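An overview of the molecular structure
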Amino acid sequence: MARTQKNKATAHHLGLLKARLAKLRRELITPKGGSGGGTGEGFDVAKTGDARVGFVGFPSVGKSTLLSNLAGVYSEVAAYEFTTLTTVPGVIRYKGAKIQLLDLPGIIEGAKDGKGRVARTCNLILIVLDVLKPLLHKKLIEHELEGFGIRHPPTCTLSFSLQCAQSELDAETVKSILAEYKIHNADITLRSDSTADDLIDVVEGNRVYIPCIYVLNKIDQISIEELDIIYKVPHTVPISAHHRWNFDDLLERMWDYLRLVLFGKVNYTKPKGQLPDYTSPVVLPNERTSVEDFCMKIHKTSSKNLSSDALVWGSSVKHNPQKVGKDHVMEDEDVIQLVKK
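Identification of the protein chain as OBG-type G domain-containing protein from Oreochromis aureus is taken from an unreviewed UniProt entry.

Further remarks concern the overall build of the protein chain. Helix and strand counts for the protein chain stand at 9 helices and 16 strands. Contacts in the protein chain between residues at least 24 apart in sequence constitute 64% of all its contacts with a sequence separation of at least 6. Total accessible area computed for the protein chain in this model is approximately 18700 Å², and 53% of it derives from carbon and sulfur atoms.

The subject of this paragraph is the sheet that holds strand β2 (residues 88–94). Across the sheet, 6 strands lie side by side as β2-β3-β1-β4-β10-β11; this open sheet has mixed pairing. Of all strands in the sheet, those with a lone pairing partner are β2 and β11 (236–238), marking the two edges. Taken over all neighbouring pairs, the strand axes of this sheet differ in orientation by 25° on average, direction set aside. Pairing analysis gives 5 bridges linking strand β1 (residues 51–57) to strand β3 (residues 97–103), with the strands arranged parallel. Across the sheet, Phe55 pairs through a bridge with Asp103, a residue of β3.

Attention shifts here to the packing of aromatic side chains. Scanning the model with the defined rule gives 1 aromatic pair in all. For the ring pair Tyr94 and Trp255, a centre distance of 6.1 Å and an interplane angle of 70° mean the geometry is edge-to-face. A residue pair is termed long-range when its members are at least 10 positions apart, and Tyr94 in strand β2 and Trp255 in helix α7 (residues 247–261) qualify at 161 residues. By the burial criterion, Tyr94 is buried, and Trp255 matches it.

Looking now at the pairing of β3. Looking down a regular strand, the side chains alternate between one sheet face and the other. Among the 7 residues in β3, 6 count as buried, and that is most of the element. Here β2 runs beside β3; their pairing, made up of 7 bridges, is antiparallel. Bridged to Gly90 within β3 is Leu101. Counting the residues between successive antiparallel strands, the hairpin from β2 to β3 contains 2 residues, one of them, Lys95, with a positive phi of roughly 50°.

The next point concerns the side chain of Thr236. Its place among the elements puts Thr236 in strand β11. A polar contact of 3.1 Å, which involves the side chain of Thr236, links it to the backbone oxygen of Pro234. Among residues more than four places away in sequence, those in contact with Thr236 are Tyr214, Leu216, Ile230 and Arg253.

Here the focus is helix α8 (residues 291–298). Among the residues of α8, those classed as buried are Val291, Phe294 and Cys295. For α8, the angular spread of the buried residues around the axis is 100°, confining them to a single face.

Glancing now at a nonpolar patch on the surface. A cluster of nonpolar residues, Met1, Leu21 and Leu24, forms a patch on the protein surface that exposes about 260 Å² of accessible area. Locating Leu24 in the fold gives a position in helix α1 (residues 11–29).

Looking at the protein chain, the pLDDT average stands at 77 and 77% of residues meet or exceed 70. No element of the protein chain has a lower mean pLDDT than strand β6 (residues 156–157), at 50, and none a higher one than β11, at 93. Throughout residues 34–43 the model reports pLDDT below 50, and contacts reaching past four residues in sequence, or to other chains, amount to 10 contacts. A low-confidence stretch, residues 110–114 stays under pLDDT 50, and its non-local contacts, those more than four residues away or across chains, total 8 contacts.

Before going further, it helps to spend a moment on unusual backbone geometry. With an omega of -5°, the peptide bond between Asn320 and Pro321 qualifies as cis. Within the element layout of this structure, Pro321 appears in the loop between β14 (306–313) and β15 (322–324). The backbone of Ser60 shows a phi angle near 65°, a positive value even though the residue is not glycine. By the secondary structure assignment, Ser60 is in the loop between β1 and α2 (63–71).

We now examine the pattern of salt bridges. Scanning the model with the defined rule gives 4 salt bridges in all. Two residues, Asp50 and Lys297, come together in a salt bridge whose shortest N-O distance is 2.5 Å. Here Asp50 is found in the loop between α1 and β1, whereas its partner Lys297 is found in helix α8, with 247 residues between them in sequence. On the accessibility criterion, Asp50 (22% relative accessible area) is partly exposed.

The rules behind the values
- Residues numbered from 1 in each chain as written.
- Predicted model: local features only at pLDDT ≥ 70, side-chain atom pairs only at ≥ 80, totals over all residues.
- Heavy atoms only, no water.
- Helix = DSSP H or I, 4+ residues; strand = E, 2+ residues; numbered from the N terminus.
- Contact = heavy atoms within 4.5 Å.
- Areas by Shrake-Rupley, 256 points an atom, 1.4 Å probe, with all protein chains shown as cover.
- Pairing = 2+ DSSP bridges.
- Axes fitted to C-alpha atoms, helices over the stretch in contact; angles between N-to-C directions.
- Phe/Tyr/Trp six-rings, centres within 6.5 Å; stacked < 30°, edge-to-face > 60°.
- Buried < 20%, exposed > 50% of the residue type's maximum accessible area, 1.4 Å probe, protein only.
- Polar contact = N/O pair within 3.5 Å; in protein donor to acceptor, adjacent residues only side chain to side chain.
- Arc of directions from axis to C-beta.
- Patch = residues over 30% accessible without salt bridge, like charges linked within 9 Å, V, L, I, M, F, W, Y side chains within 5 Å.
- Salt bridge = Lys/Arg side-chain N within 4 Å of Asp/Glu carboxyl O.
- pLDDT = per-residue confidence, 0-100.

This is the structure:
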């Protein structure tokens, strides 16, 4: 591929090579079957809580310090590189949600060939960068993440119709890529100027699309003028893990990103004859925000012990309070009082 000159005449050939390469990479991403199991080396961490956030970055950028100060978990910290050799988990509670934090081993070129797959299981990825080092690290890390199947969402689906001009893909190139996957009858829709890689990602179907925040660490070593420039970069939060600077902004940004993809509503309980308990909200996932889902979140037997009605205060009802059934869908920050049989 590197020796092939890129033009319209070679696009068909390059598309075919990319498809074959993607199939080989899939074998690396997909865990091998069998009873051997392997040693794991600490990379398999049980998923707990409402969400999982992974810290990814080059060695010695401050991931371990960030985890230690955020979650109070000791992850070995030193001034030399490659200190963290296994995945280190920690847990924080923020606005009622239990969020698992993972300090992943330092990403280096080649990590995509075997390690770092646990990042695919995260709901949010924090790419931790040293503010003093060039942003070339950002491109290298993104390349490694793409290597084990983490992507920005593609803008094409299976059904061939051109909704805009294409600079790379044509009918013949699309046919050759699909033929590599033994697909001879399909509908392709291209909603933007897509590449062969975009088409391959859709056909493979094993890519994961995870939101990302760029965390620029060590801002205590730069000037105020430089910090003002960094603040204007989208999807970026500058911090100092050592001095615990700007942690509030980081946690709030994490919460905003997680709510977009994971959390649907935050609701509060109200014991009978008492004020609502705003200190322990119940976080419900997207598409599961009914009264019955609320009961299941508290305890699996709560729904069985609940009478046909519950009392709800908030924007989801016309009157405060209002009796609702188990199928009632609650809105954000509703207050609910469960009525037992």
